[in-house]
Amino acid sequence: MSWKEDADCCSWDGVTCDSATGHVIGLDLSCSWLHGNIPSNSSLFFLPRLRKLNLAFNDFNGSKISSGFTDQFPSLTLLDLCSCNFTGSIPPSLGNNITQLAYLDLSINSFIGHIPSSFSNLHQLRHLDLQSNNFVGKIPASLGNNITQLAYLDLSSNSFSGHIPSSFSNLQQLCYLDLDDNHFVGEIPASLGNNITQLAYLDLSSNGFSGHIPSSFSNLQQLLWLNLEYNNFVGKIPDMFTNLTQLSFLGLAYNELIGSIPSSIFELLNLTEIYLSFSNFSGSVELYDFAKLKNLKVLSLSNISLSVSTKLTANSSFPNLSALDLSACNISEFPDNLRTQHQLELLDLSENQIGGRIPSWMWDIGVHTLIELDLSRNFLTSIDHLPWKNLEYLHLDSNSLQGSLPDLPPHMVSFSISNNSLTGEIPSSFCNLSSIQYLDLSNNSLSGQIPQCLGNSTLETLDLRMNNFQGSIPQTNAKGCKLTYLRLSGNHLEGPLPPSLTNCVKLQFLDVGNNNLSGQIPECLGNSTLQVLDMRMNNFSGSLPQTFAKSCVLVSLNLNGNRLKGPLPPSLVNCQYLEVLDVGNNQIDDTFPYWLDVLLELQVLILRSNRFWGPIGDTKTRVPFPKLRIMDCSHNQLTGVLPLWYLESFKAMMHGNNNSVEVGYMRLPGSSNYYESIFLTMKGIDLQMERILTTFATIDLSSNRFQRKIPEVVGKLNSLKSLNISHNNLTGCIPSSLRNLTELESLDLSSNKLAGRIPTQLASLNYLSVLNLSNNQLEGPIPGGPQFNTFGNDSYSGNSGLCGFPLSKSCSIDEAPEPTTPTGFIEGDDASSWFDWKLAKLGYASGVVIGLSIGYMAFVTRGPQWFVRMIERKQSRKLRRVIRRGRASRRSL
């Protein structure tokens, strides 16, 4: 309003003029709602005598810094472009042309690239703030060598890497250093504490620093703030705090520190915040030691591997405490010090052994101040009421709570009380929660209908799974639906999905499985923001949505156990992030969906118990199904031969191709409580696999019409835990290459037309616990071995030509089994493998001395192939003679 053309511009807001010449030397347009680009011919650049320019907190529309900033202001000493929505890299000319700069703030933008080397020319710079951008690379050494006047340096929240330059030791005037949230590694140079003794603020948190905390930090006597959290520091905390008497903030949490907590910490009377959580300390600690720190406002000791004694002495108290975190501290009762904490805002006592009722004196704690309370994962049995008027976050999950749901304070934002034994209905007072965003009542015994008001609320997350709710799913707000996460599975809900769910345009997670829902699946679900769609075990009918948009972000689609018909929609190939596809136990009528093999992330494919027909056939995809680990096409009408090309391409089922896979459970990225689960037949038992290991691999092609031989290439899938090809029309022999399936726990080849002998090499499968070869045309002796000797008659029934243990039919002499050929003995095997087992046979059949001699010669000469072949031809006959002699000797005895 002051910028009027008829007035002197030196009187305008934000404008500063030289009192002698009248030239504009300062311009402060921060927070002025400016928007758009700044072209190089802007009148802004007609102020060549400008010394200070502040454009912070405006919006320049993602544009790059104009060359005018670096070419037209040679006298500039202050440039503040904080939070201006600039992008691109920093022009090198900034350091070459504006060499008088003392203050430079480029923070909170989207700048990329490296710090320009020309910054080394800014010899007068005292303040440099580059935080919250996308800078990468190492910090140039010249930053410490040339800009020695620097007092303030903030490089936090970028992607810088490498070590702290040793040249930082030259920044002896530095008072503020923040390197938080980058990718720095290595040890902290001792010079940081020896040379930069003026430091008042030091934040190195959220990096990859390692080694010990430098004891030289004891020289930083001006230090007010020390944050080393979220690194890889090891060893004991150095006893460096005697000199740090000004310290008010200490963050050492989330490291690998050991030993005890130094007693000198309890003498830092100016401390207001202490974070020691998630360390590996030993021994115990008394809470009253911290009570000596009368200015303490925040104390966080969760998961410190110490037993925390909560008994206080008569004169000990925390007069200013606002936040107390004692999670996982082996506490068995509510701490006594809480009785006097009337200003408490946050209290976390989760993951302890506190049992019984909540004591009545707890209701007086922070009645008007408490905002967050976490009592989850204890053994509490009841909660009478919630007197905290301003409580917003309450976590009571995983206790032993009984009775009904409590009425909640009106300002509640997040409430979880899952995994208890609550009964009754959801109180009508829940409809008055005008700020509720997160509500988790799962895994209880609640009943009744889901209140309609929950569909019209401010909720973003609603989890009511595993209860006894009945009725229909509530309609959602036509305009204001904010739901992103909805789980209603494991109840008794009926009826169709409400059409109003289409109003939830931010919905990412929809789980309504294991109910009695019916009707058709809305077509719009194929064109949504959903990442997880779980509708298993209901009564949905009709066809699948036929249009999955190119913007599809589905990670998991589970429609198992419904009445769906028709073909699979080819548009599913648009779901390029899909990891789990389960349409088992429906009535889908289609050929094998070979076109799915282009999905690079697909790990689980369940097509079992449908009407898929015809051959699987070949594919034109160069590397089909590269991550597939679980394939279940059982109980269909598939024909032809087993898919050789696919079997050769299942890289995720082969050792050596999944070494980079971190062992864990499959779950939605970013979700801590949703694990993928599927229904499988394992070891002859139908089971629900509640969690899927990321290394688990299985193939089930049973109950189809496959023909011809089992390909030898199956032996390459050596990560398989289970292989089921039963109830087909397979012929030929059992391939000996199956001996390479060293992780196999279950093998079912029953009800085929397999012939010949059982390969003796299968006896080397040490993890095999279930074997079913019944109802084939196998013959000869059953191999013996540690695992094979545990299988009963059922494993071999229906094969009239088999003999030997455990069958009652004995084998004749000519049918005596050959010794088990070791897994490693194949063409081109090394001499040590040859020596390991062949030598033993030579010693047994030809005499120990001769056997050892021949074995040694073969070992030294690397086993001539003619000799190996000769031994193999004669070995069977020699062994039979030995067996006959042994029987004769036993008869004579």
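All of these numbers come straight from a predicted model, not from anything done at the bench.

### Points about the overall build of the protein chain
- Helix and strand counts for the protein chain come out as nine helices and 62 strands.
- The 893 residues of the protein chain split such that 52% are buried.
- Of the roughly 38,800 Å² of accessible surface on the protein chain, a fraction of 49% belongs to carbon and sulfur atoms.

### A word on the sheet that holds strand S62 (residues 801-803)
- Taken in spatial order, the three strands of this open sheet run S59-S61-S62, and their pairing is parallel. Looking at strand neighbours, the two that pair on one side only are strand S59 (755-756) and S62, the edges of this open sheet.
- For S59 and strand S61 (residues 777-781), the ladder comprises two bridges, and the chain directions are parallel. Its bridge partner lying in S61, Gly756 is registered against Leu778.

### Observations regarding the sheet that holds strand S5 (residues 87-89)
- In spatial order, the strands read S5-S7-S9-S11-S13-S15-S17-S19-S21; together these nine strands make up an open sheet with parallel pairing. Each end of this open sheet is capped by a strand with a single partner; those strands are S5 and strand S21 (280-281).
- With two bridges connecting them, strand S11 (residues 159-162) and strand S13 (residues 183-186) associate as parallel partners. In the strand pairing of S13, Gly162 is matched with Phe184.

### Examining the environment of Val583
- Summarising the element assignment, Val583 is placed in the loop between strand S46 (580-582) and strand S47 (587-591).
- Taking the C-alpha atoms as reference points, Val583 and Leu607, 24 residues apart in sequence, are found 5.6 Å from one another.
- Not counting residues up to four positions away in its chain, the partners in contact with Val583 are Leu544, Leu559, Asn560, Leu568, Ile588, Ile606, Leu607 and Asn610.

### What about the pairing of S13?
- As judged from the two bridges shared by S13 and strand S15 (residues 208-211), these two strands associate in the parallel manner. Bridge pairing in S15 places Gly186 opposite Phe209.

### Quick look at the nonpolar core
- Grouped together as the largest cluster of nonpolar side chains are 223 residues, with contacts concentrated most on Phe69, Phe290 and Phe415.
- Listed by contribution, the elements that provide at least two residues to this core are strand S1 (15-17), strand S2 (24-28), helix H5 (287-290) and helix H6 (644-649).
- Filtering out sequence-adjacent residues up to four positions away, Phe415 remains in contact with Leu394, Leu396, Leu405, Leu408, Phe430, Ile436, Tyr438, Leu439, Asp440 and Leu441.
- Formed by ten residues, the second largest nonpolar core is a distinct cluster that contains Ile606, Leu680, Ile692 and Phe696.

### Looking at the environment of Leu349
- In this structure, Leu349 sits in the loop between strand S26 (346-348) and strand S27 (355-357).
- Counting along the chain gives 14 residues from Leu349 to Pro335, while the straight-line C-alpha distance between them is 9.3 Å.
- In contact with Leu349, other than residues within four places in its own chain, are Leu326, Phe334, Pro335, Leu338, Ile354, Asp374, Leu375 and Asn378.

### Side note on unusual backbone geometry
- Omega for the bond connecting Phe805 with Pro806 falls within 30 degrees of zero, at 10°, which places this linkage in the cis form.
- Positionally, Pro806 belongs in the loop between S62 and helix H7 (831-846).
- Of note in this structure, Ala328 is not a glycine but carries a positive phi near 55°.
- Take Ala328: it is sitting in the loop between strand S25 (323-325) and S26.

### Examining the environment of Ser11
- For Ser11, the position within the fold is in the segment before S1.
- A distance of 2.5 Å separates the side chain of Ser11 from the backbone oxygen of Asp8, its partner in a polar contact.

### So, the pairing of strand S51 (residues 637-641)
- Across three bridges, strand S49 (residues 611-615) lies against S51 in parallel orientation. Following the sheet pairing, Trp613 is matched in S51 by Gln637.
- Note: S51 against strand S55 (residues 705-708), three bridges, orientation parallel. If you follow Thr639 over to S55, its bridge partner there is Arg705.

### Structural notes on a nonpolar patch on the surface
- Residues Tyr230, Tyr254 and Phe278 make up a contiguous nonpolar surface patch of roughly 270 Å² in combined accessible area.
- One can find Tyr230 in the loop between strand S16 (225-227) and strand S17 (232-236).
- Given a relative accessible area of 39%, Tyr230 falls into the partly exposed group.

### Observations regarding the confidence of the model for the protein chain
- On average, the protein chain scores 85 in pLDDT, and the residues at 70 or more come to 88%.
- Segment residues 821-893: pLDDT under 50, and 59 contacts once partners within four positions in sequence are set aside and those in other chains are kept.

### As for the state of the cysteines
- Evaluated as defined, the whole model comprises five disulfides.
- Between Cys552 and Cys575 runs a disulfide, and the two sulfur atoms are separated by 2.2 Å. On the S-S bond that ties Cys552 to Cys575, the torsion sits near 100°, and the link is right-handed. One end of the pair, Cys552, is in the loop between strand S43 (539-543) and strand S44 (556-558); the other, Cys575, is in the loop between strand S45 (563-566) and S46, and 23 residues separate them in sequence.

### As for the pattern of salt bridges
- Following the criterion strictly, the structure yields ten salt bridges and no others.
- Close ionic contact of Asp289 with Lys292 constitutes a salt bridge, the shortest N to O distance being 3.7 Å.
- On the basis of relative accessible area, Asp289 is assigned to the buried category, the value being 15%.
- The exposure class of Lys292 is partly exposed, given its relative accessible area of 41%.
- When the shortest N-O distance is used, the salt bridge between Asp397 and Arg377 registers 3.5 Å. Separated by 20 residues along the polypeptide, Asp397 in the loop between strand S30 (393-395) and strand S31 (402-403) and Arg377 in the loop between strand S28 (372-374) and strand S29 (379-382) bring together distant segments of the chain.
- A cluster of three or more residues bridged by salt bridges with shared partners is formed by Glu351, Arg377 and Asp397.

Reading the values: rules and limits
- Residues numbered from 1 in each chain as written.
- Predicted model: local features only at pLDDT ≥ 70, side-chain atom pairs only at ≥ 80, totals over all residues.
- Heavy atoms only, no water.
- Helix = DSSP H or I, 4+ residues; strand = E, 2+ residues; numbered from the N terminus.
- Buried < 20%, exposed > 50% of the residue type's maximum accessible area, 1.4 Å probe, protein only.
- Areas by Shrake-Rupley, 256 points an atom, 1.4 Å probe, with all protein chains shown as cover.
- Pairing = 2+ DSSP bridges.
- Contact = heavy atoms within 4.5 Å.
- Core = buried A, V, L, I, M, F, W, Y, C linked by side-chain atoms within 4.5 Å.
- Polar contact = N/O pair within 3.5 Å; in protein donor to acceptor, adjacent residues only side chain to side chain.
- Patch = residues over 30% accessible without salt bridge, like charges linked within 9 Å, V, L, I, M, F, W, Y side chains within 5 Å.
- Salt bridge = Lys/Arg side-chain N within 4 Å of Asp/Glu carboxyl O.
- pLDDT = per-residue confidence, 0-100.
- Disulfide = S-S within 2.5 Å.

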